[in-house]
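Coordinate analysis (summary)
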Amino acid sequence: MIGLKKHTQVAFSQSPGRVSWEILNKDKRTRISFAILLLIIALAILAPIYSSFIAHTNPFVSSLDASFNMNGKTVQVLQPSTQGLGLGVTPIGPTWKFNHYFLGADSQGRDIVARILYGGRNTLFIGFVSSLLTMFFAILIGVIAGYYRGFIDNFLSRILDLIWAFPVYLLAISLSVVLLTSGLNFGFIHFGAGSLALPIFIIGMVYIPYVARPLRAQVLSIRERDFVKAAIGYGAGNSNIIFTEILPNVLPSALVFFPIMVALNMLTESALSFLSIGVQPPSASWGTIINDGLALLYTRPLVAILPGLMIVITAAALNLYGDAVRDALDPKLNTRIIK
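Presented here is a report on the structure given in the accompanying data block. Since we're looking at a predicted model, the values are computed, not measured.

Across the 10 residues that make up helix H8 (residues 197–206), a large majority, seven, are buried. Those residues of H8 not exposed but buried are Leu-198, Pro-199, Ile-200, Ile-202, Ile-203, Gly-204 and Val-206.

Written out as C-alpha cells, the structure reads:
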C-alpha cells in the first residue's frame, strides 16, 4: 500500500504538460523523425553554400554549352546521345565528385543536387506556412462555431460543407489554373502570378474544413462539460471562457494535426508543381524537379527519383512525429508513472 501510494503521488504530482513532454522525449519515434527532419532542413538551408562554393553553378540558369575539367579532361555537361539514332543530347550522369555534378545534371545542364536542395527549401516552406494558415483558420472557425452554436455555427458549417463538397485536388487545381493566369487581387491582398504566396494560399485554404470540422466537434463536446458550465455560471465572459477553458483543451488536438498537415500540404504542393501549376520557374520545388526528370527516366532516372525519394522520406518523418505527439498527448498515456 505504501508503495502504491508513493507511485500515485509521483504520477499526479507532475503537470500533464510535463508528463506529455517526458513521454514524447522518451519515444524513439520522436528522436528518429526529429533527426531526419533536422537533417533535411539543414541541407535545404545550406543550398546557397553548396551552389556557390562547391558546385560553382547557378541552379536556376540553363547551361546547355557548359563544360568542366575532370581528371585533366574537358567534359561537356550535355553529351551527344547514344540512344537510338543518336539524336539530341544526354546530360552527364553522376560523377560522385562533390565539385563536379555529384549526381549529374538535368536536361538543362543544371546540377541536380543544387536543384534538389533549393527545391527542398520551397517545398518545406510552402508546406509549413500553408499548414500554419490552415491551422489558424481551422482553430478560429472550429472554436467560434462550436462555442456559439446556433446561427453562427450553421453559417460557418455550411461554408465548410461547400468547400468540403469539392474533391480537394480538383479544387486546388482549379484555383491554381485560374490564379496563375491573373494573380490574386482581393482588397489589400495582391499576389503576383509567380509568387510563392499563391500555392501557400491555395493549399492552406482547401484543407481548412478537414481540420475545422473535427475541432468544432471537440469544442461542442467541451462546451457541455461541467467546468465550462461552472465558468458560465460564475459569470465569466465568452472571450474569457474561450481563452482559458476551450482553447487549452483544443490546442493539443491541433498539435497532433499540424505535422500531418505539413506532410499533406507538401504532397499537394508537389502534385501541383508536377502539373506546372504550383511553383513557377525560375523557382524550383521537388514537384517541378520530378516533372523535369520525366523525359530522362530511361537515361538519367535519378533526376526524377531523388526528389520523389526526398518527398517520401520527409512525409514519413512528419507522420512518424505526428504519431508520437498523438500518443504523448493521449490521456491514458499521461497517467503512466514517470520514473
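Don't stop here, the text continues.
Take unusual backbone geometry next. Cis geometry marks the peptide bond from Pro-281 to Pro-282, where omega comes out at 10°. Position of Pro-282 relative to the elements: it lies in the loop between helix H11 (238–274) and helix H12 (286–292). Here the phi dihedral of Arg-149 falls at roughly 55°; this positive angle occurs in a residue that is not glycine. Mapped onto the elements of the fold, Arg-149 is located in the loop between helix H5 (112–148) and helix H6 (150–164). Even without being a glycine, Ser-276 presents a positive backbone phi close to 70°. Checked against the element boundaries, Ser-276 lands in the loop between H11 and H12. With relative accessibility at 41%, the residue Ser-276 sits in the partly exposed group.

This brings us to the layout of surface pockets. There is about 330 Å³ of room inside the second largest pocket. Forming the walls of the second largest pocket are 16 residues, and the residues nearest its centre are Leu-43, Leu-103, Ile-116, Leu-117 and Met-310. Secondary structure elements with two or more residues in the lining of the second largest pocket: helix H3 (28–45), H5 and helix H13 (302–328). Taken together, the residues of the lining of the second largest pocket sort by class into 15 nonpolar, one polar and no charged.

In this structure, Val-143 and Ile-246 are the most contacted members of the largest nonpolar core, which totals 40 residues. Listing elements by their share of this core, those giving two or more residues are H5, H6, helix H7 (168–182), H8, helix H9 (208–223), helix H10 (226–233) and H11. Non-local contacts of Val-143, meaning those with residues more than four positions away in its chain, are made with Val-219, Ile-242, Ile-246 and Leu-247. In terms of nonpolar packing, the next biggest core, distinct from the first, is built from 28 residues, Ala-44, Ala-55, Leu-103 and Met-266 among them.

Across all of its chains, the model carries 10 aromatic pairs by this definition. Ring geometry for Phe-151 versus Phe-155: centroids 6.2 Å apart, planes at 20°, classification stacked. Note that Phe-151 and Phe-155 are positioned in helix H6 at a spacing of four residues, about one turn of the helix. Under the relative-accessibility criterion, Phe-151 is labelled exposed at 68%. Counting every residue linked through ring pairs, the aromatic cluster contains Trp-96, Phe-98 and Phe-102.

Looking now at the pairing of strand S1 (residues 67–70). The alternating pattern of S1 places Phe-68 and Met-70 on a buried face, while none of Ser-67 and Asn-69, on the opposite face, is buried. Where S1 meets strand S2 (residues 73–76), four bridges bridge the pair, whose relative direction is antiparallel. Across the sheet, residue Ser-67 finds its bridge partner in S2, namely Gln-76. Remark: two residues form the turn of the hairpin made by S1 and S2, two consecutive strands paired antiparallel; Asn-71 in that turn has positive phi of roughly 55°.

Counting through the fold element by element, Leu-124 comes out in helix H5. C-alpha of Leu-124 to C-alpha of Trp-286: the two residues are 162 residues apart in sequence and 9.6 Å apart in space. Beyond its immediate sequence surroundings of up to four residues, Leu-124 is in contact with Ile-40, Ile-41, Ala-44, Met-266 and Thr-314.

What follows concerns the packing of H9 against H11. The contact between H9 and H11 brings their axes to 10 Å, and the two run at 155°. The pairing of H9 with H11 is recorded here as roughly antiparallel in orientation. Where H9 crosses over H11, the two elements pack in a sense that is right-handed. For the pair formed by H9 and H11, the contact residues are Tyr-210, Val-211, Pro-214, Leu-215, Gln-218, Val-219 and Ile-222 on the first element and Glu-245, Ile-246, Asn-249, Val-250, Ser-253, Ala-254, Phe-257 and Met-261 on the second.

So, about H6. Structural remark: α-helix, 3.6 residues per turn; residues separated by three or four positions point the same way. Taking 1.5 Å per residue as the helical rise, H6 with its 15 residues ought to reach 21 Å, and the 21 Å between its terminal C-alpha atoms agrees with that figure. At its buried positions, H6 is contacted by H5 and H9.

Turning next to the packing of H11 against H13. Where H11 contacts H13, the two axes come as close as 7 Å, and the packing angle between them is 165°. Of the possible angle classes, the one that applies to H11 and H13 is roughly antiparallel. Two packed elements cross with a definite hand, and for H11 against H13 that hand is left-handed. Facing Leu-255, Val-256, Pro-259, Ile-260, Val-262, Ala-263, Met-266, Leu-267 and Ser-270 of H11, the residues of H13 in contact are Ile-311, Thr-314, Ala-315, Leu-318, Asn-319, Tyr-321, Gly-322, Val-325 and Arg-326. Taken together, the residues of the contact of H11 with H13 sort by class into 13 nonpolar, four polar and one charged.

About the criteria used
- Residues numbered from 1 in each chain as written.
- Predicted model: local features only at pLDDT ≥ 70, side-chain atom pairs only at ≥ 80, totals over all residues.
- Heavy atoms only, no water.
- Buried < 20%, exposed > 50% of the residue type's maximum accessible area, 1.4 Å probe, protein only.
- Helix = DSSP H or I, 4+ residues; strand = E, 2+ residues; numbered from the N terminus.
- 1 Å grid on protein atoms, 1.4 Å probe; cavity = no way out; pocket = protein on both sides within 12 Å on 5 of 7 lines; lining within 4 Å.
- Points joined across faces, edges and corners; volume = space filled by probe spheres on them.
- Nonpolar A, V, L, I, M, F, W, Y, C, P; charged D, E, K, R; others polar.
- Core = buried A, V, L, I, M, F, W, Y, C linked by side-chain atoms within 4.5 Å.
- Contact = heavy atoms within 4.5 Å.
- Phe/Tyr/Trp six-rings, centres within 6.5 Å; stacked < 30°, edge-to-face > 60°.
- Pairing = 2+ DSSP bridges.
- Axes fitted to C-alpha atoms, helices over the stretch in contact; angles between N-to-C directions.
- Parallel < 35°, antiparallel > 145°, perpendicular 65-115°, else oblique.
- Left-handed = near helix turned anticlockwise from the far one by under 90°.
- Expected span 1.5 Å × (residues − 1).

Such coordinate-based values are descriptive only and should not be taken to indicate function.
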